[in-house]
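The lines below spell out each chain.
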Amino acid sequence: MKLRIQDELEASALVPSDLLCYQLEKVPKAPTSTNSPQCPFFFPQMLTYILSFLPLSDQKEASLVSRAWCCAAQNALREANVRYNIPVSSASLPTIKSLGLRGICCISLTNLDGSPASHQVLQSVAYHLGLYLQSLCLGGGSPTEASFVALILGCPALRFLDLSGCESLFTSGMLLAQPKTAQWVQQALSGLRELNLASLQDLTDLSFNRLSSCVPSLERLALAYCHLTFEPDPARGSIGPQDSSPSQLSFHNLLQFVKEQAGRLHALGLSGTGLPPEALQALGQVAGLQLQELSLHSCRDLSTEAVAALCHQQPGLTSLDLRGCSELADGALLAVSRGLRRLWHLSLRKLQQLTDVRCSALGGLRELQSLDMAECCLVRGRELAQALGLVCGAPHPLASLSLAYCSSLKVLQVPQLRRLSLSLLPALTDKGLLAAARGCPSVERLVLSHCSRLSDEGWAQAAGSRPRLQHLNLSRCSQLAEQTLGSTGQACKQLRMVGVAMCPGISMASIRHFQAQLPEVTCVQSRFMGGAELTLTL
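Counting of residues starts from 1 at the beginning of each chain's written sequence and follows it residue by residue. Since the coordinates come from a predicted model, pLDDT governs what is reported: local features require at least 70, and pairs of side-chain atoms require 80 or more to be given and counted, while whole-chain, interface and lining totals use all residues. Calculated side-chain values reflect all of the structure's heavy atoms, with hydrogen atoms and water omitted.

Asker: Please provide a residue-by-residue account of the overall build of the protein chain, values included.
Answerer: Here a helix means four or more residues in a row that DSSP labels H or I, a strand means two or more in a row labelled E, and each is numbered from the N terminus. Scanning the protein chain for helices and strands turns up 20 helices and 23 strands. Taking all 538 residues of the protein chain together, 50% fall into the buried category. Here the contacts in the protein chain between residues at least 6 apart in sequence split such that 73% fall between residues at least 24 apart. Per-residue and other accessible areas were derived by the Shrake-Rupley procedure at a 1.4 Å probe size, with only the shown protein chains allowed to occlude residues. Surface accessibility of the protein chain: about 24,400 Å² in total, with carbon and sulfur atoms responsible for 52%. Burial here depends on accessible area, computed with a 1.4 Å probe over protein chains only, as a share of the maximum for the residue type. Under 20% is buried, over 50% is exposed, and the range in between is partly exposed. In this analysis, two residues are considered to be in contact whenever any of their non-hydrogen atoms come within 4.5 Å of each other.

Printed below as a string of structure tokens:
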């Protein structure tokens, strides 16, 4: 969950004394009269625990009750998986100090460069937040090598580090070249579990080896869209330091790292690296390697046979991303369904050779919770709908499903489904939408964008079966008009976000009326609606 730092303090003007109020506030004495009711009181930790279950908008409201509630709400935000996006400027320095008083542990720095202002912000982060930080994102920034090292040395508790796109750190090839500096960084990063090095075109064997040697506890590594080079025989013998290339990042060098870390490494991200079939086979057969997550998005050279071999070599995979691997066909789907029985998350988006023939095999993935088959244009949905129905007489555990652009989806019955995307289905009619609503009554997030045949009357009937709906996207549903907002407000009382962009029949006035009818909605996305451009954050 991401939260912009400007919005974080808008509900209540906090000062440092407020942030520590629960330590100063006295516990109220119980009334001495037996006739008067007991004054309700929550200990700070208990109140924080209760508020952590509330959505962000309700936590903001709770923070206005009292100083103690304000403090508990802020602690609940800190304990939740909330990332604070901090723009790098001198104006952010007071906010960084305030966040330090609360022990915030997850931040992302934007607009980072080599300027004195950026250097000052990094110093402030290390001083005020360094001891608490567990997750740090510098993605897309351009810090200097010296300021980066100084920041890392001040953050000894890091578990996640994102350096994606930070080319400035690797252009010279001298990062961590000094043994003493590398030793200090290794001590600071001894507990790091996840490292994101995606989109680094200047990353070489030498710089990768220097950095990876500083993270002995690494469990998750992302190298998506890095320029990997592949040798004719990726499984050849081990290499020494003299073989590490100072000018390129080789798969052979990466394979050696995987072999050394096989007992710890659980997740690999190699999307967009052009991984060939023989390299995937060499990776899968590393002794002692037990991968749980593997991302191969847009590795277009992978073959069905290579994926089948991977399923045999790494049967413990729980998450597999094969989006855009355009050479894969029905045999790959069959191999995944038969070989990866523990799979939780599977993405097959844009596999345009897949057909309905093997979709029935997906019913064997009884632990599958998330399935993305969007833009599989030959999948008509009939076999898939049957496969995702009942499993051994019980509802399938699937919670998230994307079927965008599946040409003629029929009846879908997945009672436990919480996220459903049916966008880009021009053939979806009111009757099909109503059937999906009745077959998936637990849906909380629904995407119906570009479904041009849906009408106000059809949506009104389907909305009655969506009492749990919280996020709704109706963008570019050209036949929908103001009546849709009215029926949505009446039927979907838990709604928090709605998108009606490019719906010409919905006016600005109807949006204002909708907000008055359902004030719990915090965001209405309505860009270019009726010729205007508007996004209301309420």
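That shown, we press on.
Asker: Requested: an account of the side chain of Ser487, with residues and values cited.
Answerer: Relative to the helices and strands, Ser487 is located in helix H19 (residues 482-491). Residue contacts for Ser487: discarding those within four places in its chain leaves Trp459, Ala460 and Ala463.

Asker: Describe helix H8 (residues 116-128), naming the residues involved and giving the relevant values.
Answerer: A helix is expected to reach a length of 1.5 Å times the quantity of its residues less one. With 13 residues, H8 ought to run about 18 Å at 1.5 Å a step, and its terminal C-alpha atoms sit 18 Å apart, in line with that. Those residues of H8 not exposed but buried are Ser118, Val121, Leu122, Ser124, Val125 and Ala126. Where H8 is buried, its residues contact helix H7 (93-101), strand S3 (106-110) and helix H9 (145-153).

Asker: Could you give an account of the nonpolar core, with specific residues and numbers?
Answerer: Put simply, buried Ala, Val, Leu, Ile, Met, Phe, Trp, Tyr and Cys residues joined by side-chain atoms within 4.5 Å make one nonpolar core. Grouped together as the largest cluster of nonpolar side chains are 142 residues, with contacts concentrated most on Leu197, Leu221 and Met373. Broken down by element, this core gets its largest block of residues, five residues, from helix H12 (residues 251-260). Within the second largest apolar cluster, six residues are counted, among which are Leu47, Leu51, Ala73 and Ala76.

Asker: Could you give an account of the pairing of strand S2 (residues 83-87), with specific residues and numbers?
Answerer: Burial within S2 is extensive, with five of its five residues counted as buried. Burial of the side chains of S2 extends over both faces: Arg83, Asn85 and Pro87 are buried on one face and Tyr84 and Ile86 on the other. Two strands qualify as a pair provided that DSSP identifies no fewer than 2 bridges between them. The sheet contact formed by S2 and S3 spans four bridges and is parallel. Across the sheet, Pro87 pairs through a bridge with Thr110, a residue of S3. Call a crossover right-handed when, viewed with both strands pointing away from you, the route from the first strand across the helix to the second goes clockwise. Of the crossover connections in this fold, the one passing from S2 over H7 to the parallel S3 is right-handed.

Asker: Describe the packing of H7 against H8, listing the residues and the values that go with them.
Answerer: Lines fitted to C-alpha atoms define the axes, with helix axes restricted to the stretch in contact, and inter-axis angles between N-to-C directions lie between 0 and 180 degrees. For the pair H7 and H8, interaxial distance at closest approach is 9 Å and the crossing angle is 15°. Comparing their axes, H8 and H7 come out roughly parallel. Between H7 and H8 lies a crossing of right-handed hand. Residues Leu93, Ile96, Lys97 and Gly100 of H7 lie in contact with H8, whose contacting residues are Gln120, Val121, Ser124, Val125 and His128. Here the nonpolar group is Ala, Val, Leu, Ile, Met, Phe, Trp, Tyr, Cys and Pro; Asp, Glu, Lys and Arg are the charged ones; every other residue, Gly included, is treated as polar. Its residues assigned to classes, the contact of H7 with H8 comprises four nonpolar, four polar and one charged. Each angle gets one of four labels, with under 35 degrees taken as roughly parallel, over 145 as roughly antiparallel, 65 to 115 as roughly perpendicular, and the rest as oblique. The sense of a crossing depends on the near helix, which, turned anticlockwise from the far helix by less than a right angle, makes the crossing left-handed and, turned clockwise, makes it right-handed.

Function cannot be inferred from these measures alone, as they are strictly geometric.
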